[in-house]
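Coordinate analysis (summary)
So you can see what is in the structure, the chains are spelled out below.
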Amino acid sequence: MSSAIGSPIDRVDGPQKVTGAARYTAEIVLPHMTYAAVVAATVASGRVAVIDTGRARGAEGVLAILTHEDLPKLAEPHLLPSLAGAAAPGQSFFPMQKDVVHYAGQPVALVVADSHERAQYAASLVEVTYERAPSITTIDEGRDAAYEAERLFGGLLPARDERGDVDTAMAEAEVRVDVAYRFAANHHNAIEPAATTAVWDDGRLTIYDSTQGIRASQLTVAQLLGMPLSDVRVITHFVGGGFGSKAMVWPHVTLAALAARHVGRPVKLSLTRQQMFTSAGHREEQEQQLAIGATRDGRLTAMHHEKLSITSPFDDWAEPATGVSSQLYACPNYRGEHRLVRGNTMTPTFTRGPGEAVGVFVLETAMDELAHELGIDPLELRVRNHAAVDGHGNPWSSDGLEECLRHGAELFGWAGRNPVPRSRRDGDWLIGTGMAAAAYPVPLFMPTQRARARLYADGSAVVQAGTQEFGTGVLTAMTQVAADGLGLPLGSVRFEAGDTDLPNVSSAVGSAGAGMISAAVHAAATALRDQLVATAVADADSPLHGADPATIEVREGRITQREYPGVGETYGELMQRNRLADAEAPGSWTPPPLDTPHGLLTFGAQFAEVAVDPEIGLVRARRMVGVFAPGRVLNPKTARSQLVGGMLWGLGQALLEGNRMDPRHGRWGATSLGEYLVPVNADAPEVTVDFVELTDTVVNPLGVKGVGEIGQVGVAAAIGNAVFHATGRRVRELPMAAELVMD
Amino acid sequence: MPAWAVQLIAHHVRPKIMHNDQFVATAPPDRPPLTSGPSSLPVALTVNGSTHVVDLEPRVSLLDALREHLDLTGSKKGCDQGTCGACTVWVDGRRVLACLSLAVTCEGRSVTTIEGLAAGEELHPMQRAFIECDAFQCGYCTAGQIMSAVALLEEGNATTDAEIAESMSGNICRCAAYPNIRAAIREVRDAGEGGHRATA
Ligand code: FES
Ligand code: FES
């Protein structure tokens, strides 16, 4: 049916982005703009004893200073993932309601001034005296008080998953692998720091927000301020990356709204890079342990996967780490558990590949150990154990894992690999190759998604949905979906997004965006097409009069009978004759029920070659290959880019990215991009990405499973397994420090 | 410093030493209240060929002058700390980080930003190549990448992929479009359409 879907067209927003014309949130210009700066707590626990704003108030250009003493009281926030479609504060705690300090970086005052420099300067004049209480900011400090979580993700997911008799099966296993891993915390570090501009007009609030979900920002601010949703409008045209940090709605958004109400002028609140380390969540410091029991011929018989991580004082938050390990391989006896330590950090949050990017690292590293132990090719071990059904016995909505593994092996040149560690050299470098399977859950807990399509009598169309462009290429892909749905050439369709006054869709998180938004856009576009086809067949003056609508198709704006392409007319001719200046249709999509009898995972395979200098412990990724089965690919060009980006995130996760708390002060060691290392151009090898195409009729109408996370999942394991192959050393900590790799 | 050296050094200094030791703010010492910033003065900035006179406090960075005072928001603020490269512009044809440059020091110099790269509607070859090669996703680092990339060709520092990768490593792309950024630079280099003056 389609011509636009599946074509690698250039981004529709490309010209705006390469010329600097694309406006991001902090670049919105409003008359009488004012600037806010956050004063952040420098202690991790305790209370604000004295806050002296005298000098700051006297500073030039200062319009207001808000502290816990004068900030209005808000409704209580309740953490819930934004995809669920309700208010989605990132944590169940709003700062500046009382004098309490729960984490370093927590806002304690907000300064508003008439220029950016003056706000920043006045913020530096606010004198805060703290009464400091002992803090816990590392797992080690809180280990003794660890507890088993009951539910995760704001109550959406159980923290424990169990089937069979793990302990007996483990005790009877012919072979066992039992490994423990440690992980430093990760920060998203989208290059655009979070920013919000708020402006009030006659009791109504408009927010320009750097967010992955304008709807979530609207719901959250309305809930906290006790306002009707109709009085809160959120606008976001371009977002400079999210990766999870803009998936939830953090306090600064509401603070900007409060400040704007207070000063009666628009307020622009931009967080600094340093503040981004303590303002928008992070991937929590964690430890994982995985025990696998297997038969000598490599069949898994028991698995026990545990995660211990640190959360905030107010939320049981852990990225779920067992969603893949519990399902990917057929294993009759399984137990997954999450334990938590309460500490003085903000509530951690989704970070690209939430949960599974770490959980799959553990799983796929253990599988490599098992393969090594048994003398079975790592790839064959995966194929041998891949489950035909999910943990509940349901068939996959679509699979593709084995095809990904085999095709990836071919592209990479896996066959004939000598499995013996330290068997390849290139000068001083030890060379190793490694692979891993990848999988990521397809989330379906979003509410109904909606879009609207309008066709003008001149044959041009505008299709709308309240999503936002943060690099996924959604504007481009949805233009393609709308064009195919309407039967119009691409150039005749504009997809509009970025405003909560448009039909609502959920936050674009968890790789769900493309699937759910395309479902709504497709529904709206095809509903409009069908409406006009119905008009044509009912119109005595139409060449299509009396035809069966099922025999009619629309291509390039021309409605014809499929069997007789000569018989028909254009949308424009039909509409003008019927005195329709335009025509419009809404479309919506409701996801399948949560107990849909299908296994829901997206599959892939990762391969990496590394070179290791054993004298200094330096690891360089030389090449990477990823093959993925994400259902239908709306635009292979942008999808490929997203997958390459995800794979390089995996490289960062493996080799570079980690932050640690300094327990003396309860503050992060790294608070800049000079200290928290992310991959730069010279770190990134050439990356090969390919697709295994498959049809999925369960997840959504177009069968789109999403590409946002799966690119990252498994990469760190493939790199770690390659490091083992190169050096014979198993590094059990990420990022892999040089001293753990070197001889 | 090459990226691998940065990586190596960073790994070797763990655990990190806190350098910002101000965790308990004390009562203000006896000092005269310093509550006013430096006062503003007219500064003539020549950007993309036109000269603008703006009232700027001396502490205003070139980046904030462009973004907040001249409404030239194509140059991005990714860190304001000189670590990401999103603010890369040219001053007298040389790449500089606008967040680390004070606007007043640019008086009498010629500043070029991403807005000045295209010749009217006609995109610079590097801009076209970035679109064709999909060398960005969110687009927030893109202005800085393109300003660096064009300068790189002009400087003759793009003969090999390794050289491109090394020289472009001051421009972080968190979307990690790096392989495509290299492809775009290669494309422009091989077509011989490079440098600053390609459209000037
Ligand atoms: S904003 Fe200037 S280097 Fe990051
Ligand atoms: S395109 Fe998003 S940071 Fe480079």
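A few points on the structure. The structure displayed is predicted, hence computed values, not measured ones. (Residues numbered from 1 in each chain as written. Chains lettered and ligands numbered in written order. Predicted model: local features only at pLDDT ≥ 70, side-chain atom pairs only at ≥ 80, totals over all residues. Heavy atoms only, no water.)

With that out of the way, let us pick up the interface of chain A and chain B. Counting residues at the interface gives 93 residues for chain A and 73 residues for chain B. Of the roughly 7000 Å² buried at the junction of chain A and chain B (both faces included), carbon and sulfur atoms supply 53%. Across the chain A-chain B interface, the total number found is eight salt bridges. The interface formed by chain A and chain B holds 30 residue pairs in polar contact (both at pLDDT 80 or more) in total. Ranked by the residues each element gives to the side of chain A that touches chain B, the list is headed by helix H15 (residues 636–655) of chain A, at nine residues. (Contact = heavy atoms within 4.5 Å. Buried area = accessible area lost by both parts, 1.4 Å probe. Salt bridge = Lys/Arg side-chain N within 4 Å of Asp/Glu carboxyl O. Polar contact = N/O pair within 3.5 Å; in protein donor to acceptor, adjacent residues only side chain to side chain. Helix = DSSP H or I, 4+ residues; strand = E, 2+ residues; numbered from the N terminus.)

Let us now look at the sheet that holds strand S20 (residues 429–441) of chain A. Residues and elements named next belong to chain A. With mixed pairing, the five strands of this open sheet are ordered in space as S19-S20-S28-S29-S32. For this open sheet the edge positions go to strand S19 (424–426) and strand S32 (686–691), each flanked by a neighbour on one side alone. Direction aside, the axes of adjacent strands within the sheet are offset by 30° on average. This element, helix H16 (residues 715–727), spans S20, strand S28 (601–613) and strand S29 (618–629) of the sheet and lies at about 155° to S20. (Pairing = 2+ DSSP bridges. Axes fitted to C-alpha atoms, helices over the stretch in contact; angles between N-to-C directions.)

Turning to helix H4 (residues 142–155) of chain B, a few remarks are in order. Residues and elements named next belong to chain B. Between its terminal C-alpha atoms H4 stretches 20 Å, which fits the 20 Å expected from 14 residues at 1.5 Å a residue. Counting buried positions along H4 gives 12 out of 14 residues, so the element sits mostly inside the fold. Taken residue by residue, H4 has Thr142, Ala143, Gly144, Gln145, Ile146, Met147, Ser148, Ala149, Val150, Ala151, Leu152 and Leu153 as its buried positions. Just downstream of H4, Gly156 is the residue with a positive phi angle, here 75°. (Expected span 1.5 Å × (residues − 1). Buried < 20%, exposed > 50% of the residue type's maximum accessible area, 1.4 Å probe, protein only.)

Residue and element names in this part refer to chain A. Residue Pro735 is bonded to the preceding Leu734 through a cis peptide linkage, with omega at -5°. You can see Pro735 is positioned in the loop between strand S33 (733–734) and helix H17 (738–741). Positive phi, normally seen in glycine, also occurs at Asn189, with a value near 50°. Mapped onto the elements of the fold, Asn189 is located in the loop between strand S11 (175–183) and strand S12 (195–201).

Shape descriptors only; they carry no functional weight alone.
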